Amino acid sequence: MSESAAAISHGLGATIEPSPYGMQSKKLTMWLFIASDAITFGAILFAYSYLRVGSANWSRPFQFSPSIANALVMTGVLLTSGLTMLFAVSAAKQGQKPTSLKWMGATILLGVVFAALHLREWFHMFSEGWSLSKNPTGGSVMFGATFFSITGLHLLHVISGVLALIVVSIGFQTKWLDENHVETTGLYWHFVDLVWMFVFPLLYLMNASPR
Amino acid sequence: MNANHTPAMKFFVLVWIGLLCMAGIEVFITYQGFSTHTQLAMLLVLALIEAGIGLLYFMHLKYDRPVLLWTFVLSIVFVLLMMNQIWPDAYRMVSIGHH
């Protein structure tokens, strides 16, 4: 008996009705979170763009090698992790638990590789004198502030996603969680992927130094 | 998501290849010597297409009820459009900087 049918049989039909979105509350909650997070990222990307347009001495410090090439590899890694997550969700929905776990493991690994590449780039920039309040090229100090804040917030999302995937993998393996949890986590992971599609061109490519 | 209505995984592999190609095209555009405004416009169009593909296929919005797309995506787009009020002040800032 469905939740709504059970509610009606108990005389609660007037208070409980089916979701207009036709999905479980956990998935709807994830969509609400994604909507709010999209506006958060939108706001900080607008703030960055405002500062960039409003600064007469904005820096374009990224050489093709290593910065742009590294960011392109990071993009490839993240896009690939989106595909492996898609495979994990599909396998979970078809009841192929071992296959789903294998693909979730691949997604976790790719997430760790992305984070490692990102941190390596950060430490390279730190060694050149960049920080939240310092610009070694003599341009606007807001470059470091916005770059590290936005990429840092995105990196935090990636690390959170990796941790969530580890928890969901364990839960799915031990039957504590089901395939719907895998799908909901997949939704989050794809959102992190989607945000990078704006971070990469706006923060890296628009700040690439001419060849 | 109803798994019965989703295409085969081969289709998603093609979508993934398409997204990788678009990232490569973005880098190519960056080094073609376009003006900042042209470069920004081209990169934003590509990013929006990538995001749309990600939402429709990777996040399965195409296979969920259309009401999800209309309520969530349109409300986010509306908020982001409203944020465009800031540009006149950004240009005022840069004119002060030049003086």
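Above: the structure in question.
Reading the values: rules and limits
Residues numbered from 1 in each chain as written. Chains lettered and ligands numbered in written order. Predicted model: local features only at pLDDT ≥ 70, side-chain atom pairs only at ≥ 80, totals over all residues. Helix = DSSP H or I, 4+ residues; strand = E, 2+ residues; numbered from the N terminus. Rg over C-alpha atoms; globule rule 2.2 N^0.38 Å. Buried ≥ 20, exposed ≤ 12 C-beta atoms within 10 Å, placed from the backbone. Contact = placed C-beta atoms within 7 Å. Nonpolar A, V, L, I, M, F, W, Y, C, P; charged D, E, K, R; others polar. Expected span 1.5 Å × (residues − 1). Core = buried A, V, L, I, M, F, W, Y, C linked by C-beta atoms within 7 Å. Axes fitted to C-alpha atoms, helices over the stretch in contact; angles between N-to-C directions. Parallel < 35°, antiparallel > 145°, perpendicular 65-115°, else oblique. Left-handed = near helix turned anticlockwise from the far one by under 90°.

A.B. asks: Where do I start with the overall build of chain A in this structure?
C.D. replies: The secondary structure content of chain A amounts to six helices and zero strands. Secondary structure elements in chain A, listed N-terminal to C-terminal, are α-α-α-α-α-α. In terms of C-alpha radius of gyration, chain A reaches 21 Å, well past the compact-globule figure of 17 Å for 211 residues. When its C-alpha atoms are laid out on the principal axes, chain A stretches across 70 × 40 × 25 Å. Among the 211 residues that make up chain A, the fraction classed as buried is 37%. Excluding contacts between residues fewer than 6 apart, the proportion of contacts in chain A whose partners are at least 24 apart in sequence is 73%.

A.B. asks: Honestly, the interface of chain B and chain A in this entry has me stumped. Any pointers?
C.D. replies: Interfaces are often sized by the accessible area lost when the parts come together. Contacts between the two partners involve 40 residues from chain B and, on the opposite side, 39 residues from chain A. Mapped onto the side of chain B that touches chain A, the elements with two or more residues apiece are helix 1 (9-30), helix 2 (36-58), helix 3 (66-82) and helix 4 (87-98) of chain B. Per element, the largest residue contribution to the side of chain B that touches chain A is ten residues, and it comes from helix 1 of chain B. A class-by-class count of the residues in the side of chain B that touches chain A yields 31 nonpolar, six polar and three charged.

A.B. asks: Is there a simple way to explain helix 3 (residues 64-93) of chain A in this structure?
C.D. replies: An α-helix turns once per 3.6 residues; consequently, residues spaced three or four apart project the same way. For helix 3 of chain A, built from 30 residues, the straight-helix expectation of 44 Å at 1.5 Å per residue is met to within 8% by its first-to-last C-alpha distance of 42 Å. Following helix 3 of chain A by one or two positions, A:Gly95 has its phi on the positive side, about 75°.

A.B. asks: So what exactly am I meant to see when it comes to the nonpolar core here?
C.D. replies: One recurring pattern in soluble globular proteins: nonpolar side chains tend to sit buried together. By size, the foremost hydrophobic cluster in this structure holds 60 residues, and its most contacted members are A:Ala88 and A:Val199. Elements with a minimum of two residues in this core: helix 2 (25-54), helix 3, helix 4 (97-127), helix 5 (142-173) and helix 6 (179-204) of chain A together with helix 1 and helix 2 of chain B. Top element by residues in this core is helix 6 of chain A. It accounts for 16 residues. Not counting the four nearest positions on each side in its chain, A:Val199 is found in contact with A:Ile150, A:Thr151 and A:His154.

A.B. asks: Quick question: what am I supposed to make of the packing of helix 4 of chain A against helix 5 of chain A here?
C.D. replies: Residues and elements named next belong to chain A. Between helix 4 and helix 5, whose axes approach to 10 Å, the crossing angle comes to 155°. Here helix 4 is positioned roughly antiparallel relative to helix 5, judged by the angle of their axes. Crossing angle aside, the handedness with which helix 4 passes helix 5 is left-handed. In contact with Lys97, Ser100, Leu101, Met104, Gly105, Thr107, Ile108, Gly111, Val112, Phe114, Ala115 and His118 of helix 4, helix 5 contributes Thr151, Leu155, Val158, Ile159, Gly161, Val162, Leu165, Ile166, Ser169, Phe172 and Gln173. Here the contact of helix 4 with helix 5 is composed, by residue class, of 13 nonpolar, nine polar and one charged.

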